[in-house]
Amino acid sequence: MCNDYVQKWLAHKDEFLETLLALEAPLEPGECSIYSGDGIYRCSNCFGNLLFCTPCAQKQHQGNPFHRIQQWTREFFQDSALHLLCLY
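Note that the coordinates shown come from a computational prediction; the quantities given were computed from them, not determined experimentally.

Draft legend 1. The overall build of the protein, seen in detail. Assigned secondary structure in the protein consists of three helices and four strands. Helices (α) and strands (β) of the protein occur, in sequence order from the N terminus, as α-α-β-β-α-β-β. Residues classed as buried in the protein amount to 20% of the 88 residues present. Across the protein, the fraction of contacts at a sequence separation of at least 24, relative to all contacts at a separation of at least 6, is 36%.

This is the structure in structure tokens:
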């Protein structure tokens, strides 16, 4: 007996995969969500999966010491830390 949910999902699997990959790596270099600098940081705790340049990442996280940020390496987002941005 086949699961109907799996059959429905299989029809949309390419869309899901494309969305998951887009969350992991931008297709082209991104701009900061606040100013026009290079968006090389993202925060997994901030709403909206926004990209930030270094000054904006610092400003946005002055009051959020427990947020987890990642830095774009030109290949993938690597886990980083707010203390590396000289915040804490």
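Draft legend 2. The side chain of arginine 42, seen in detail. Mapped onto the secondary structure, arginine 42 falls in strand S1 (residues 41–43). Exposure remark for arginine 42: the relative accessible area of 7% places this residue in the buried category. Beyond its immediate sequence surroundings of up to four residues, arginine 42 is in contact with Leu23, Glu24, Asn49, Leu50, Leu51, Arg68, Ile69, Gln70 and Phe77.

Draft legend 3. Structural context of the sheet that holds strand S4 (residues 77–79). Sheet architecture is open: four strands sit in the order S2-S1-S3-S4, paired in antiparallel fashion. Every interior strand has two partners, whereas the edge strands, strand S2 (51–52) and S4, have only one. Relative to strand S3 (residues 69–72), S1 is paired through three bridges, and the arrangement is antiparallel. Bridge pairing links cysteine 43 to isoleucine 69 in S3.

Draft legend 4. Molecular detail of the pairing of S3. Relative to S4, S3 is paired through three bridges, and the arrangement is antiparallel. Bridged to glutamine 71 within S4 is glutamine 78. The antiparallel pairing of S3 with S4 creates a hairpin that spans four residues between the two strands, and arginine 74 there sits at a positive phi of about 80 degrees.

Draft legend 5. View of the packing of aromatic side chains. Overall, the coordinates contain two aromatic pairs when judged by the stated rule. Pairing tryptophan 9 with phenylalanine 16 gives two aromatic rings, centres 6.3 Å apart and planes at 25 degrees, and the pair type is stacked. Judged by its relative accessible area of 42%, tryptophan 9 falls in the partly exposed class. A relative accessible area of 44% means that phenylalanine 16 is categorised as partly exposed. For the cation-ring pair, arginine 42 lies above phenylalanine 77, with the distance from its terminal atom to the ring centre recorded as 4.0 Å.

Calculation notes
- One numbering rule holds for all chains: residues counted from 1, following each sequence as written.
- Note on the predicted model: pLDDT of at least 70 is required for a residue's local features to be given, and 80 or more for side-chain atom pairs to be given and counted; whole-chain, interface and lining totals, by contrast, use all residues.
- With hydrogens and water stripped out, all remaining heavy atoms of the structure feed into the side-chain values.
- Only runs of H or I of at least four residues qualify as helices and only runs of E of at least two qualify as strands under DSSP, and these elements are numbered from the N terminus.
- Between buried and exposed lies partly exposed: a residue is buried under 20% and exposed over 50% of the maximum accessible area for its type, with that area taken using a 1.4 Å probe on protein chains only.
- The criterion used for residue contact is that any of the two residues' heavy atoms lie within 4.5 Å.
- Strand pairing is assigned whenever DSSP identifies at least 2 bridges connecting the two strands.
- Side-chain rings of Phe, Tyr and Trp (the six-membered ring for Trp) are treated as a pair once their centres are within 6.5 Å; stacked means planes under 30 degrees apart, edge-to-face means over 60, and tilted covers the remaining angles.
- Cation placement over rings: the criterion is NZ of Lys or CZ of Arg within 6 Å of the ring centroid and within 35° of the ring normal.

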